[in-house]
Amino acid sequence: MLSIIIINFEQKKFTDECIESLYSVIKSITFEVILVNNSLKEDFSNLDKRFPNFQIINSINIGFSRANNIGAKHSKYEYLLFLNPDTVFINDPFSDLIRSLGKRNYGAVGLKLYNKDNTFQLSFGVFNNFRGEIENKSQEDYFRKKNREKMLEIENNYFEIKMVDWVTGAALFIKKKAFNEVGGFDERFFLYYEDADLCKRLQNKKYHNYFYPFSKIIHYKGENVNPNFNSTTYYYSKVSQLLFYKLHNSAINNFILRVYLFVKYFFLSFFTFKKINFKILKLAIKGA
(Lines give C-alpha, C1' and ligand atoms only; values in the text may rest on other atoms or scores of the structure.)
Protein backbone atom coordinates (compact mmCIF):
# COMPACT_ATOMS: atom_id res chain seq x y z
CA MET A 1 0.00 0.00 0.00
CA LEU A 2 2.76 2.53 0.97
CA SER A 3 6.30 2.95 -0.37
CA ILE A 4 8.55 4.97 1.95
CA ILE A 5 11.51 6.55 0.18
CA ILE A 6 14.49 7.76 2.20
CA ILE A 7 17.62 9.44 0.82
CA ASN A 8 20.78 9.06 2.87
CA PHE A 9 23.78 11.33 2.50
CA GLU A 10 26.31 11.10 5.34
CA GLN A 11 23.58 10.63 7.95
CA LYS A 12 23.92 6.96 8.84
CA LYS A 13 23.13 7.35 12.54
CA PHE A 14 19.93 9.26 11.77
CA THR A 15 18.98 6.86 8.97
CA ASP A 16 19.38 3.76 11.14
CA GLU A 17 17.19 5.29 13.85
CA CYS A 18 14.57 6.40 11.31
CA ILE A 19 14.22 2.95 9.74
CA GLU A 20 14.09 1.28 13.14
CA SER A 21 11.19 3.55 14.13
CA LEU A 22 9.23 2.80 10.94
CA TYR A 23 9.26 -0.94 11.49
CA SER A 24 8.54 -0.55 15.20
CA VAL A 25 5.59 1.83 14.87
CA ILE A 26 3.76 1.26 11.57
CA LYS A 27 1.28 -1.59 11.99
CA SER A 28 -1.92 -0.40 10.26
CA ILE A 29 -0.85 -0.86 6.62
CA THR A 30 1.48 -2.83 4.38
CA PHE A 31 4.59 -0.85 3.50
CA GLU A 32 8.04 -1.08 1.98
CA VAL A 33 11.13 1.02 2.61
CA ILE A 34 13.40 2.07 -0.25
CA LEU A 35 16.71 3.54 0.89
CA VAL A 36 18.64 5.43 -1.78
CA ASN A 37 22.13 5.65 -0.33
CA ASN A 38 23.94 8.62 -1.88
CA SER A 39 26.90 8.09 0.43
CA LEU A 40 28.83 5.02 -0.73
CA LYS A 41 31.23 5.08 2.23
CA GLU A 42 28.29 4.23 4.52
CA ASP A 43 27.20 0.59 4.63
CA PHE A 44 23.56 -0.41 5.17
CA SER A 45 23.85 -3.98 3.89
CA ASN A 46 22.79 -5.46 7.24
CA LEU A 47 19.36 -3.78 7.11
CA ASP A 48 17.88 -5.82 4.26
CA LYS A 49 18.48 -8.93 6.37
CA ARG A 50 16.77 -7.42 9.41
CA PHE A 51 13.67 -5.89 7.83
CA PRO A 52 11.09 -7.25 5.35
CA ASN A 53 10.10 -5.30 2.24
CA PHE A 54 13.35 -3.34 2.37
CA GLN A 55 15.63 -2.47 -0.52
CA ILE A 56 18.83 -0.47 -0.85
CA ILE A 57 19.88 1.44 -3.95
CA ASN A 58 23.50 2.54 -3.70
CA SER A 59 24.57 5.58 -5.68
CA ILE A 60 26.97 8.47 -5.83
CA ASN A 61 25.53 11.78 -4.62
CA ILE A 62 23.08 12.56 -7.43
CA GLY A 63 21.03 15.12 -5.52
CA PHE A 64 17.79 14.94 -3.57
CA SER A 65 15.34 15.24 -6.47
CA ARG A 66 16.96 12.66 -8.73
CA ALA A 67 17.46 10.20 -5.87
CA ASN A 68 13.79 10.47 -4.87
CA ASN A 69 12.72 9.90 -8.46
CA ILE A 70 14.85 6.76 -8.61
CA GLY A 71 13.29 5.56 -5.37
CA ALA A 72 9.79 6.20 -6.75
CA LYS A 73 10.57 4.25 -9.92
CA HIS A 74 11.52 1.24 -7.79
CA SER A 75 8.36 1.50 -5.65
CA LYS A 76 5.57 -1.05 -5.93
CA TYR A 77 2.69 0.53 -3.98
CA GLU A 78 0.03 3.13 -4.79
CA TYR A 79 1.04 5.66 -2.13
CA LEU A 80 4.45 7.28 -1.65
CA LEU A 81 6.01 8.88 1.40
CA PHE A 82 9.18 10.89 0.83
CA LEU A 83 10.90 10.97 4.19
CA ASN A 84 14.03 12.65 5.51
CA PRO A 85 16.44 10.30 7.29
CA ASP A 86 16.65 12.54 10.37
CA THR A 87 13.10 11.66 11.43
CA VAL A 88 11.65 9.28 14.01
CA PHE A 89 8.03 8.08 13.94
CA ILE A 90 6.22 8.21 17.29
CA ASN A 91 2.77 7.16 16.03
CA ASP A 92 1.25 5.40 13.01
CA PRO A 93 -0.99 7.90 11.16
CA PHE A 94 -1.45 6.12 7.85
CA SER A 95 -4.76 4.31 8.19
CA ASP A 96 -6.43 7.50 9.44
CA LEU A 97 -4.59 9.67 6.91
CA ILE A 98 -5.76 7.63 3.91
CA ARG A 99 -9.30 7.43 5.26
CA SER A 100 -9.48 11.12 6.19
CA LEU A 101 -8.25 12.32 2.82
CA GLY A 102 -10.92 10.13 1.27
CA LYS A 103 -12.35 11.71 -1.85
CA ARG A 104 -10.39 14.97 -1.61
CA ASN A 105 -8.52 15.87 -4.77
CA TYR A 106 -5.20 15.99 -2.96
CA GLY A 107 -1.69 16.36 -4.30
CA ALA A 108 1.05 16.61 -1.67
CA VAL A 109 0.24 16.09 2.01
CA GLY A 110 2.65 17.26 4.68
CA LEU A 111 2.73 15.27 7.90
CA LYS A 112 3.03 17.04 11.25
CA LEU A 113 6.60 17.32 12.52
CA TYR A 114 8.00 18.07 15.96
CA ASN A 115 11.34 19.29 17.23
CA LYS A 116 13.30 17.02 19.54
CA ASP A 117 11.92 18.98 22.51
CA ASN A 118 8.39 18.02 21.33
CA THR A 119 7.49 21.53 20.18
CA PHE A 120 5.65 22.01 16.89
CA GLN A 121 7.88 22.39 13.82
CA LEU A 122 6.81 24.58 10.90
CA SER A 123 6.60 22.45 7.74
CA PHE A 124 4.39 24.35 5.26
CA GLY A 125 3.97 27.82 3.87
CA VAL A 126 2.42 30.23 1.39
CA PHE A 127 3.51 30.49 -2.24
CA ASN A 128 7.15 31.48 -2.68
CA ASN A 129 7.08 34.81 -4.43
CA PHE A 130 9.03 37.67 -2.86
CA ARG A 131 6.13 38.81 -0.68
CA GLY A 132 5.24 35.23 0.26
CA GLU A 133 8.79 34.42 1.29
CA ILE A 134 8.83 37.43 3.60
CA GLU A 135 5.73 36.00 5.30
CA ASN A 136 7.24 32.51 5.43
CA LYS A 137 10.51 33.76 6.89
CA SER A 138 8.73 35.89 9.49
CA GLN A 139 6.93 32.77 10.69
CA GLU A 140 10.18 30.78 10.61
CA ASP A 141 11.72 33.45 12.84
CA TYR A 142 9.13 32.75 15.54
CA PHE A 143 10.22 29.12 15.56
CA ARG A 144 13.94 29.87 15.33
CA LYS A 145 13.70 32.27 18.28
CA LYS A 146 11.46 29.83 20.19
CA ASN A 147 8.61 32.32 20.54
CA ARG A 148 6.31 29.84 22.29
CA GLU A 149 3.25 32.09 22.12
CA LYS A 150 3.46 32.52 18.34
CA MET A 151 4.42 28.85 17.81
CA LEU A 152 1.35 27.73 19.71
CA GLU A 153 -0.85 30.22 17.87
CA ILE A 154 0.26 28.87 14.48
CA GLU A 155 -0.08 25.27 15.64
CA ASN A 156 -3.61 25.92 16.92
CA ASN A 157 -4.57 27.42 13.56
CA TYR A 158 -3.71 24.08 11.96
CA PHE A 159 -5.42 21.68 14.36
CA GLU A 160 -7.31 20.00 11.51
CA ILE A 161 -6.53 18.98 7.93
CA LYS A 162 -6.04 22.25 6.09
CA MET A 163 -5.18 23.36 2.58
CA VAL A 164 -1.75 24.99 2.14
CA ASP A 165 0.36 26.16 -0.81
CA TRP A 166 3.33 23.89 -0.18
CA VAL A 167 4.61 21.34 2.32
CA THR A 168 8.13 20.31 3.17
CA GLY A 169 9.69 17.25 1.58
CA ALA A 170 10.82 16.06 5.01
CA ALA A 171 7.63 13.96 5.28
CA LEU A 172 5.61 14.31 2.08
CA PHE A 173 2.77 11.88 1.31
CA ILE A 174 1.33 11.61 -2.18
CA LYS A 175 -0.49 9.22 -4.49
CA LYS A 176 1.94 7.65 -6.93
CA LYS A 177 -0.51 8.42 -9.75
CA ALA A 178 -0.44 12.16 -9.01
CA PHE A 179 3.35 12.14 -8.57
CA ASN A 180 3.83 10.49 -11.96
CA GLU A 181 1.27 12.77 -13.60
CA VAL A 182 3.40 15.85 -12.91
CA GLY A 183 6.65 14.07 -13.78
CA GLY A 184 7.98 13.60 -10.26
CA PHE A 185 10.57 15.93 -8.77
CA ASP A 186 12.27 18.34 -11.15
CA GLU A 187 15.87 17.11 -11.23
CA ARG A 188 17.20 20.59 -11.96
CA PHE A 189 16.69 21.17 -8.23
CA PHE A 190 19.72 19.46 -6.71
CA LEU A 191 18.70 20.42 -3.19
CA TYR A 192 16.01 22.74 -1.74
CA TYR A 193 12.79 24.13 -3.30
CA GLU A 194 12.13 20.79 -5.01
CA ASP A 195 9.18 20.28 -2.63
CA ALA A 196 7.71 23.74 -3.28
CA ASP A 197 8.19 23.23 -7.02
CA LEU A 198 6.40 19.86 -6.89
CA CYS A 199 3.52 21.40 -4.93
CA LYS A 200 3.19 24.25 -7.42
CA ARG A 201 3.07 21.86 -10.38
CA LEU A 202 0.43 19.80 -8.57
CA GLN A 203 -1.63 22.97 -8.09
CA ASN A 204 -1.24 23.71 -11.80
CA LYS A 205 -2.89 20.32 -12.42
CA LYS A 206 -5.79 21.32 -10.10
CA TYR A 207 -4.67 19.22 -7.13
CA HIS A 208 -4.80 20.70 -3.61
CA ASN A 209 -1.96 20.40 -1.11
CA TYR A 210 -2.76 19.75 2.54
CA PHE A 211 -1.23 19.76 5.99
CA TYR A 212 -2.16 16.69 8.07
CA PRO A 213 -1.92 17.41 11.85
CA PHE A 214 -2.48 13.96 13.38
CA SER A 215 0.96 12.45 12.93
CA LYS A 216 3.80 12.74 15.40
CA ILE A 217 7.23 12.64 13.81
CA ILE A 218 10.37 13.98 15.45
CA HIS A 219 12.49 15.84 12.88
CA TYR A 220 16.03 16.56 14.00
CA LYS A 221 16.92 18.73 10.99
CA GLY A 222 20.17 16.86 10.54
CA GLU A 223 21.45 19.17 7.80
CA ASN A 224 22.11 21.78 10.45
CA VAL A 225 24.78 19.59 12.03
CA ASN A 226 26.46 18.92 8.70
CA PRO A 227 29.72 20.93 8.49
CA ASN A 228 29.02 21.71 4.81
CA PHE A 229 25.67 23.36 5.58
CA ASN A 230 26.96 26.92 5.63
CA SER A 231 28.90 26.60 2.38
CA THR A 232 28.01 24.05 -0.31
CA THR A 233 24.50 23.33 0.94
CA TYR A 234 23.67 27.00 1.42
CA TYR A 235 24.88 27.76 -2.10
CA TYR A 236 22.53 25.10 -3.51
CA SER A 237 19.64 26.72 -1.64
CA LYS A 238 20.24 29.98 -3.53
CA VAL A 239 20.64 28.22 -6.88
CA SER A 240 17.31 26.49 -6.28
CA GLN A 241 15.61 29.68 -5.10
CA LEU A 242 16.56 31.49 -8.30
CA LEU A 243 15.44 28.53 -10.40
CA PHE A 244 12.07 28.38 -8.62
CA TYR A 245 11.49 32.08 -9.27
CA LYS A 246 12.44 31.67 -12.93
CA LEU A 247 9.98 28.79 -13.38
CA HIS A 248 7.03 30.01 -11.32
CA ASN A 249 7.25 33.75 -10.72
CA SER A 250 6.81 36.95 -12.67
CA ALA A 251 9.66 38.95 -14.19
CA ILE A 252 9.24 41.60 -11.47
CA ASN A 253 9.60 39.02 -8.70
CA ASN A 254 12.69 37.62 -10.40
CA PHE A 255 14.18 41.10 -10.64
CA ILE A 256 13.41 41.95 -6.99
CA LEU A 257 14.99 38.71 -5.77
CA ARG A 258 18.17 39.19 -7.79
CA VAL A 259 18.53 42.81 -6.63
CA TYR A 260 17.98 41.72 -3.02
CA LEU A 261 20.59 38.94 -3.29
CA PHE A 262 23.03 41.24 -5.05
CA VAL A 263 22.81 43.98 -2.41
CA LYS A 264 22.93 41.54 0.51
CA TYR A 265 25.91 39.53 -0.73
CA PHE A 266 27.75 42.55 -2.09
CA PHE A 267 27.97 43.93 1.45
CA LEU A 268 28.65 40.51 2.98
CA SER A 269 31.47 39.95 0.49
CA PHE A 270 32.91 43.36 1.25
CA PHE A 271 32.91 42.85 5.02
CA THR A 272 33.59 39.10 5.42
CA PHE A 273 35.60 38.03 2.35
CA LYS A 274 34.05 34.55 2.53
CA LYS A 275 34.12 32.61 -0.75
CA ILE A 276 30.49 31.55 -0.39
CA ASN A 277 29.36 35.19 -0.41
CA PHE A 278 31.30 35.91 -3.60
CA LYS A 279 29.78 32.81 -5.23
CA ILE A 280 26.24 33.88 -4.39
CA LEU A 281 26.96 37.43 -5.55
CA LYS A 282 28.01 36.05 -8.96
CA LEU A 283 24.88 33.89 -8.97
CA ALA A 284 22.66 36.93 -8.35
CA ILE A 285 24.25 38.69 -11.34
CA LYS A 286 23.99 35.68 -13.66
CA GLY A 287 20.65 34.30 -12.49
CA ALA A 288 19.42 30.70 -12.67
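**Student:** Is there a simple way to think about a nonpolar patch on the surface in this case?
**Tutor:** On the surface, Ile252, Phe255, Ile256, Val259, Phe262, Val263, Phe266, Phe267, Phe270, Phe271 and Ile285 cluster together to form a nonpolar patch covering roughly 1100 Å² of accessible area. Top contributing element to the nonpolar patch by residue count: helix H10 (residues 251-272), with 10 residues.

**Student:** Explanation requested: the packing of aromatic side chains in the structure shown.
**Tutor:** Centre-to-centre distance and the angle between the planes together describe a pair of aromatic rings. What the rule picks out here adds up to 27 aromatic pairs. Judged by centre distance (5.0 Å) and plane angle (45°), the rings of tyrosine 23 and phenylalanine 31 are tilted. Residue classification places phenylalanine 31 among the buried residues on the basis of a relative accessible area of 10%. An aromatic cluster is present here, built from Tyr79, Phe89, Phe94, Tyr106 and Phe173 joined pairwise through their rings. Lying across the ring of tyrosine 158, lysine 162 places its NZ or CZ 4.6 Å from the centre. Note that lysine 216 overlies the ring of tyrosine 114, its terminal NZ or CZ placed 5.3 Å from the centroid.

**Student:** Even after reading the chapter, I still don't get helix H5 (residues 130-144), so can you show me in this structure?
**Tutor:** In an α-helix, one full turn covers 3.6 residues, which means residues spaced three or four apart are oriented alike. In this model, H5 (15 residues) spans 20 Å end to end at C-alpha, consistent with the 21 Å of a helix rising 1.5 Å per residue. Residues of H5 that are buried include every one of Gly132, Glu133, Asn136 and Phe143, and no others. For H5, the angular spread of buried residues about the axis comes to 90°, placing them on one side. Away from the buried face of H5 by more than 90 degrees, exposed residues Arg131 and Ile134 are located. Just downstream of H5, lysine 146 is the residue with a positive phi angle, here 55°.

What counts and how
- Residues numbered from 1 in each chain as written.
- Predicted model: local features only at pLDDT ≥ 70, side-chain atom pairs only at ≥ 80, totals over all residues.
- Heavy atoms only, no water.
- Patch = residues over 30% accessible without salt bridge, like charges linked within 9 Å, V, L, I, M, F, W, Y side chains within 5 Å.
- Areas by Shrake-Rupley, 256 points an atom, 1.4 Å probe, with all protein chains shown as cover.
- Salt bridge = Lys/Arg side-chain N within 4 Å of Asp/Glu carboxyl O.
- Helix = DSSP H or I, 4+ residues; strand = E, 2+ residues; numbered from the N terminus.
- Phe/Tyr/Trp six-rings, centres within 6.5 Å; stacked < 30°, edge-to-face > 60°.
- Buried < 20%, exposed > 50% of the residue type's maximum accessible area, 1.4 Å probe, protein only.
- Lys NZ or Arg CZ within 6 Å of the ring centre and 35° of its normal.
- Expected span 1.5 Å × (residues − 1).
- Arc of directions from axis to C-beta.

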